[in-house]
Amino acid sequence: MNSPKILDGKSVAAAVLDECRAETAELLAKGIQPGLAVVLVGADPASQVYVGSKARTCAELGFHSVKIELSAETTQDELLQVVRDLNADPKVHGILVQFPLPKHINEEAIIRGLDSRKDVDGFHPENVAKLVLEDPTGFVPCTPAGCMKLLEISGIETSGAEAVVLGRSMLVGKSVASLLVSKNSNATVTIAHSRSKDLPAICRRADILIAAVGRPEMVKADWVKPGAVVIDVGINRVEDSTKKSGFRLTGDVAYAEVAPLCSAITPVPGGVGPMTIAMLMKNTLQAARQIGA
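A quick note: this is a predicted structure, and the numbers were derived from the prediction, not measured.

(A) Molecular detail of the side chain of lysine 149. Following the sequence through the fold, lysine 149 ends up in helix H6 (residues 142-153). Judged by relative accessible area, lysine 149 falls into the buried class, the value being 15%.

Structural data, given as structure tokens:
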């Protein structure tokens, strides 16, 4: 049985945050304190955990941090006004509206309402265009950026590799596919999804397989080519009576059966997750540099 290289997101994220501390000190010396505002609508437990983690990381780095918590009954117009106020706030360089939003709010309208220069999530149409155009002044969505950083720091060669991205959301799938096919990475990329014919056969072609479908342990051993690198973006709660919480966290990959086949694989939790927050901090620093005081 093969012992794969475990791609430890915690240690890589810690290294990225060390870089962020140095960059923050440089900006503070110029009189610029990076500022991040996070907006949470409603009381989704997972979102509350994410927002709490982001606020703590901001505090550790010395950022100006704003956390705005709104009730689930907040109207779309009220949320847009909050966004407009943050757009106009010179102390705020980055704005993150935590998704998902309540069903009565149109997420696309909120994204379009953001100042694209402060859209550190990278979802505004201007930043999506900059991603495709490989314009470095845009913001790359944090989870795809984290996947690519993991590959880079772990010394995994993307040039000439056949990559398969399982999932086509803008949040991960389409964005990470654009990064993989870019002139920096030079991979050959296939995007697969629920309507693709013979998903296991497509995935078996991959030198690098990125799973981002949100279905627990969907990727089985017979989906993976021996020696492949597997990046598991999924994080799913599965009922487990043996756990005190009543559930366990699992990815989109059946880790126990897939890992022995791989040359490298991310664990869940502790793989891509920590990278997402680290790359959000990097994006906020980029916004602070580009906007200035």
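From this point, the discussion proceeds with the structure in view.
(B) Local environment of the sheet that holds strand S1 (residues 5-6). Taking strand neighbours across the sheet as the criterion, the six strands line up as S1-S11-S8-S7-S5-S6 in an open arrangement whose pairing is parallel. The open sheet is flanked by S1 and strand S6 (188-192), the only strands paired with a single partner.

(C) The arrangement of the pattern of salt bridges in detail. Inspection of the entire model under this criterion finds 11 salt bridges. A salt bridge links glutamate 23 to lysine 282; the nearest nitrogen and oxygen atoms lie 2.8 Å apart. Of the two residues, glutamate 23 is situated in helix H1 (residues 9-29) and lysine 282 in helix H10 (residues 272-291); the sequence distance between them amounts to 259 residues. Each member of the pair glutamate 23 and lysine 282 is classed as buried. Notably, a salt bridge pairs lysine 149 with glutamate 152, separated by 3.9 Å at the nearest N-O pair. Highlighted residues: lysine 149 and glutamate 152, both in helix H6, separated by three residues, approximately one helical turn. A residue is classified by how much of its surface remains accessible, and glutamate 152, at 53% relative accessible area, is exposed. Taken together, the shared-partner salt bridges in this structure form one network comprising Glu19, Glu23, Lys282 and Arg289.

Procedures and definitions
- Numbering of residues begins from 1 in every chain and follows the order in which that chain's sequence is written.
- Residue-level local features of this predicted model are given only where pLDDT is at least 70; pairs of side-chain atoms are given and counted only at 80 or more, and the full residue set underlies all totals for whole chains, interfaces and linings.
- Note that water and hydrogens are dropped before the side-chain values are worked out from all heavy atoms of the structure.
- Each helix is a run of DSSP H or I of at least 4 residues and each strand a run of E of at least 2, with the numbering of both proceeding from the N terminus.
- Relative accessible area decides the class of each residue, using a 1.4 Å probe on protein chains only: under 20% of the type maximum gives buried, over 50% gives exposed, and in between gives partly exposed.
- What makes two strands pair is DSSP finding at least two bridges between them.
- Salt bridge, as applied in this entry: a Lys or Arg side-chain nitrogen positioned within 4 Å of an Asp or Glu carboxyl oxygen.

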